[in-house]
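Results of the structural survey
Listed below are the residues making up each chain.
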Amino acid sequence: MPSSVRQQREAARAKLEARMAEKAAAAKRTRRTQVILASVLAVLLVGGIGFLLYKVIDANSGEETPVADDTPDEEMVPAGDGSPVEPVDITTLAVSDPAAADAGSAECAYVPAGEEERAGNPNIVDVGAPEDGPQPATGTQTMTVETNQGTLEFELDTTNAPCTAASFTHLAAQGYFDGSTCHRLTTEGIFVLQCGDPSGTGMGGPGYSFGNENEPEDTAADLTEDEAAAGETPAPNYPAGTLAMANSGPDTNGSQFFIVYEDTYLPADYTIFGQISDEGLETVRTVAEAGAEVPASSQQMPMG
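Criteria and cut-off values
Residues numbered from 1 in each chain as written. Predicted model: local features only at pLDDT ≥ 70, side-chain atom pairs only at ≥ 80, totals over all residues. Heavy atoms only, no water. Helix = DSSP H or I, 4+ residues; strand = E, 2+ residues; numbered from the N terminus. Buried < 20%, exposed > 50% of the residue type's maximum accessible area, 1.4 Å probe, protein only. Areas by Shrake-Rupley, 256 points an atom, 1.4 Å probe, with all protein chains shown as cover. Expected span 1.5 Å × (residues − 1). Arc of directions from axis to C-beta. Contact = heavy atoms within 4.5 Å. Pairing = 2+ DSSP bridges. Axes fitted to C-alpha atoms, helices over the stretch in contact; angles between N-to-C directions. Phe/Tyr/Trp six-rings, centres within 6.5 Å; stacked < 30°, edge-to-face > 60°.

This paragraph deals with the overall build of the protein chain. Across its full length, the protein chain carries six helices and 15 strands. Looking at the protein chain residue by residue over its 304 residues, the buried ones come to 45%. Carbon together with sulfur atoms contributes 51% to the accessible area of the protein chain, which is approximately 14400 Å² in total.

This is the structure in structure tokens:
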């Protein structure tokens, strides 16, 4: 590609991201104002009873995902990014149809967390890592996820994301996901349900990391400078039904993953490792319709 064209596309993408950041900030200010006004009105009536642009798919980032406070007096308020109003609790996640181990393989490496990271993150749940070396790399494998909202069936793409599939197989065998909850739902601009953190904080992980695989095209690069200036958004590159890994940067995959329930554009930084069944997708959409929420005290303060 000629350098001038590449530079134009990079400039167009930068402008687009800046416009989106401004829009997101304005929406956040509006929501905060609404919450404050609602709180004041509640006091008068009752007598005193008391998203980093598009990079919301963040694991172990140092910024905890807003989660429901267990304090009974804490008021919860609607949000575009927060805990699902209808909780999705994972009872079990297990391999129901494994990939063939003798029909092709890929070399995978799983990097243990360092001592400093372990000491600084009490949310790590260490169940050991898969063995480095060859992993099945053909076909698909099926995971059955039993939740309080119904059964979700995942089809993992072992061919294009063999190291991710092997990690899921390992963690499932250790019961790592059992008893966890899907801690994050986004409903504005990005449409995902994020799961895979037993701590429920958005900062948990399995004590190891591994590389990215099977990243999609970054469709923002296809926008011309004029299209970006006109406010056009990139074509979705994470279609509804996609399963993808959350991360905090290149090659930092762990256990957190997200389910895309409506076509979504994201930077092409997240491994696509499979699909959710049509029935499971409808279940997630029903959860999304109920919305997300965060504690009022959190939403009234700057959220970073």
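For helix H5 (residues 278–290), which comprises 13 residues, the first-to-last C-alpha distance of 19 Å matches the rise-based estimate of 18 Å (1.5 Å per residue) to within 8%. Along H5, the positions that sit buried rather than exposed are Gly280, Leu281, Thr283, Val284, Val287 and Ala288. Relative to the axis of H5, the buried residues are bounded by an arc of 160 degrees and lie together on one face. For H5, exposure combined with an orientation more than 90 degrees from the buried face picks out Asp278, Glu279, Thr286 and Glu289. The inward-facing, buried residues of H5 contact strand E2 (81–84), strand E8 (150–157), strand E9 (184–186), strand E10 (192–195), strand E13 (257–260) and strand E14 (272–276). Positive phi appears at Gly291, one or two residues downstream of H5, with a value of about 90 degrees.

Our focus in this paragraph is the sheet that holds E10. Taking strand neighbours across the sheet as the criterion, the 11 strands line up as E1-E15-E2-E9-E10-E13-E12-E14-E8-E7-E3 in an open arrangement whose pairing is antiparallel. Here the strands that pair on one side only, and so sit at the sheet edges, are strand E1 (76–79) and strand E3 (90–97). The average angle at which neighbouring strand axes cross in this sheet is 35 degrees, direction not considered. In terms of strand pairing, E10 meets E13 through four bridges, oriented antiparallel.

Bridge count for E2 against E9 is two bridges, and the pairing is antiparallel. Pairing of Asp81 across the sheet is with Thr186, part of E9. For E2 and strand E15 (residues 292–295), the ladder comprises two bridges, and the chain directions are antiparallel. Residue pairing across strands places Pro84 opposite Ala292, the latter belonging to E15.

Further remarks concern the pairing of E8. Where a strand is regular, its side chains alternate between the two sheet faces. Relative to E8, strand E7 (residues 140–147) runs antiparallel, the two sharing eight bridges. Bridging across to E8, Glu146 finds its partner in Thr151. Linkage of E7 to E8, two consecutive antiparallel strands, is achieved through a turn of two residues. Alignment of E8 against E14, held across three bridges, turns out to be antiparallel. Directly across from Leu156, in E14, lies its bridge partner Gly274.

Aromatic ring pairs are defined here through the distance separating the ring centres and the angle between the ring planes. Taken as a whole and assessed by the stated rule, the structure comprises 14 aromatic pairs. Ring centres 5.3 Å apart and planes at 25 degrees place the aromatic pair Phe168 and Phe177 in the stacked group. No difference in accessibility class separates Phe168 from Phe177, as the two residues are buried. With 6.0 Å between their ring centres and 70 degrees between their planes, Phe191 and Tyr261 make a pair best called edge-to-face. Taken together, the residues Phe191 in the loop between E9 and E10 and Tyr261 in the loop between E13 and E14 connect sequence positions 70 residues apart. The rings of Phe154, Phe168, Tyr176, Phe177, Phe257 and Phe273 are connected pair by pair, giving a single aromatic cluster.

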